[in-house]
Amino acid sequence: MQSFEFQTTNRIFNEIGGLSRTAEICGELEISNLLIVTDEGVFNHGLLEDIKSILKQNKIAFEIFKDVEADPSDQTAINAANFGKEHKANGVLGIGGGSAMDTAKVVSILLLNKGANTQVHLEDLSPLYGVNQITKPRSPLILVPTTAGTGSEVTPISILTTGETTKSGIVSSVLLPDIAILDASLTLGLPSHITASTGIDAMVHAIEAYTSKVKKNPYSDMLAKHALLILSNNIETAVINGKNLTARQNMLFGACLAGQAFANSPVGGVHALAYPLGGHFHVSHGLSNSLVLPHVMRFNESHASRMYCDLAEVIMADNMVNCTVTNSTEILANYFLQLAVSFDLPIKLRQVGVDDNFLSVLAEDAMKQTRLLVNNPKEMTYEDALRIYQKAY
Ligand SMILES: [Fe+2]
């Protein structure tokens with residue numbers, strides 16, 4: 001068997017109502033003053049009410065930082081950390097989508113930076129960017145996803161916006177939380193289009209982990225296949241009947257499995273071409289992936305059709321589809337196209353405000369995603385990326 005490394009979050013509670021364990025978990029982690037890092041959507045939808053009363057009942061002090069924006073900036077992480085320092089927080093709970101969880105990860109590092117009483121500044125973040133640059137411990141960290149997509153609760157990565165459209169990553173096993181809680185009762189109010197696009201994002205994580213060129217390994221393969229099985233069996237119910245708790249919990253679990261897969265066998269071309277759509281046109285991450293996925297898969301066919309066949313068999317198991325290496329790419333690409341159509345998601349770049357004169361800029365930006373492109377099963381040039389955008393247009 002090939003050598004490989006696999007890492008993930010130490011403890012995961014997969015439990016409807018699991019958020020009620022927060023006080024007990026704070027006790028275990030010796031958190032007496034909790035900083036909750038979240039966004040306004042989570043705050044305004046009342047998703048923190050239960051957690052607030054549980055913490056009060058158990059006399060655990062807490063403060064809420066609710067200003068995490070989509071694609072959070074480096075300054076937001078600094079502000080959240082200084083807010084926590086002012087209130088003498090000794091533990092962090094990140095609750096929300098990928099943005100809130102990614103910010104909470106960095107805040108857990110910054111809380112201990114320069115001592116508890118000294119404020120941090122942007123320059124304190126600079127040495128942390130890149131791979132394995134964190135040399136100090138972090139505060140106790142709990143992560144709670146409120147969308148079933150990013151898998152951030154099990155990835156050692158935090159992405160911050162460091163310029164107008166530039167994103168920088170901090171990658172370190174230190175960023176894996178102590179505990180993740182998957183509690184579907186938090187996802188019941190998600191609008192159907194967000195359930196759809198975040199669910200497709202999770203499925204893309206599984207596909208790209210399974211076809212990843214550099215770190216593909218049997219552990220991630222197993223997780224990717226099982227993630228796709230669960231996600232494909234539940235996504236339609238979760239989108240159509242958002243109040244179905246079982247489907248919602250299954251989506252959270254599937255997204256977590258896919259997160260574990262791609263944390264150890266990273267994503268490639270689909271994500272590389274999706275990011276510029278978010279940067280320039282503010283297309284959501286899941287929708288960006290959905291728009292380019294079928295076209296990247298067709299591009300990858302010569303190098304990935306056998307792997308696509310494995311995955312098509314998982315997804316199509318109930319439909320008695322006979323997948324072969326010659327038809328698997330088209331079957332899988334079409335499955336995702338039809339899924340997007342059935343969820344009323346846009347399927348063309350022109351439908352989300354992309355200007356065709358801008359495709360070359362998108363392709364140039366996609367080429368800058370070298371950390372992702374190296375994982376794509378087939379080498380992708382600028383001309384390839386441009387052709388893919390043109391087909392997706
Ligand atoms: Fe993603």
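Residues numbered from 1 in each chain as written. Predicted model: local features only at pLDDT ≥ 70, side-chain atom pairs only at ≥ 80, totals over all residues.

With 20 residues, helix H9 (residues 245–264) ought to run about 28 Å at 1.5 Å a step, and its terminal C-alpha atoms sit 29 Å apart, in line with that. Extensive coverage of H9 is indicated by the burial of 18 of its 20 residues. (Helix = DSSP H or I, 4+ residues; strand = E, 2+ residues; numbered from the N terminus. Expected span 1.5 Å × (residues − 1). Buried ≥ 20, exposed ≤ 12 C-beta atoms within 10 Å, placed from the backbone.)

Let us look at the sheet that holds strand E7 (residues 157–161). Note on sheets: strands pair through backbone hydrogen bonds, and any given pair is parallel or antiparallel. With respect to topology, 3 strands assemble into an open sheet ordered E5-E8-E7, the strand pairing being mixed. Where the open sheet ends on each side, the last strands, each with one partner, are strand E5 (130–131) and E7. Each of E7 and strand E8 (167–171) touches helix H5 (residues 98–110); the most contacted strand, E7, lies at about 100 degrees to it. (Pairing = 2+ DSSP bridges. Contact = placed C-beta atoms within 7 Å. Axes fitted to C-alpha atoms, helices over the stretch in contact; angles between N-to-C directions.)

Quick look at the environment of Thr 211 now. The residue Thr 211 is located in the loop between helix H7 (192–210) and helix H8 (218–240) in this model. Accessibility expressed as a C-beta count within 10 Å gives 28 for Thr 211, which makes it buried. Put simply, Thr 211 and Ile 331 are 120 residues apart on the chain and 16 Å apart in space, counted from C-alpha to C-alpha. Those residues in contact with Thr 211, other than ones at most four positions away along the chain, are Asn 300, Ala 304, Met 307 and Pro 377.

So, about the packing of H8 against H9. Remark: H8 packs on H9, axes separated minimally by 8 Å, with the N-to-C direction vectors making an angle of 150 degrees. Here H8 is positioned roughly antiparallel relative to H9, judged by the angle of their axes. In terms of crossing hand, the pair formed by H8 and H9 is left-handed. Where H8 approaches H9, its residues Tyr 219, Ser 220, Leu 223, Ala 224, His 226, Ala 227, Ile 230, Leu 231, Asn 234, Ile 235, Thr 237 and Ala 238 are matched on the opposing element by Ala 247, Arg 248, Asn 250, Met 251, Phe 253, Gly 254, Leu 257, Ala 258, Gln 260, Ala 261 and Asn 264. Class assignment of the residues belonging to the contact of H8 with H9 gives a composition of 14 nonpolar, 8 polar and 1 charged. (Parallel < 35°, antiparallel > 145°, perpendicular 65-115°, else oblique. Left-handed = near helix turned anticlockwise from the far one by under 90°. Nonpolar A, V, L, I, M, F, W, Y, C, P; charged D, E, K, R; others polar.)

Formed by 123 residues in total, the largest nonpolar core has its most connected members in Val 37, Val 107, Ala 206 and Ala 227. Taken domain by domain, the makeup of this core includes at least three residues from each of domain 1 (11–186) and domain 2 (192–392). With residues up to four places along the chain from it excluded, the contact list for Val 37 reads Phe 65, Val 68, Ala 80, Val 92, Gly 94, Ala 100, Thr 103, Ala 104 and Val 107. (Core = buried A, V, L, I, M, F, W, Y, C linked by C-beta atoms within 7 Å. Domains from an automatic or database assignment.)

On domain assignment, one finds that the protein holds domain 1 (11–186) and domain 2 (192–392). The C-alpha-based centres of domain 1 and domain 2 are spaced at 27 Å. Within the side of domain 1 that touches domain 2, the residues separate by chemical class into 8 nonpolar, 9 polar and 2 charged.

Before going further, it helps to examine the packing of H7 against H8. Packing of H7 against H8 leaves a shortest axis separation of 9 Å and a crossing angle of 160 degrees. Our classification of the angle between H7 and H8 gives roughly antiparallel. As for how H7 packs across H8, the hand of that crossing is left-handed. Contacts between H7 and H8 pair Ser 192, Thr 195, Ala 196, Gly 199, Ala 202, Met 203, Ala 206, Ala 209 and Tyr 210 from the former with Ser 220, Asp 221, Ala 224, Ala 227, Leu 228, Leu 231, Ile 235, Ala 238 and Val 239 from the latter. For the contact of H7 with H8, a count of residues per class yields 13 nonpolar, 4 polar and 1 charged.

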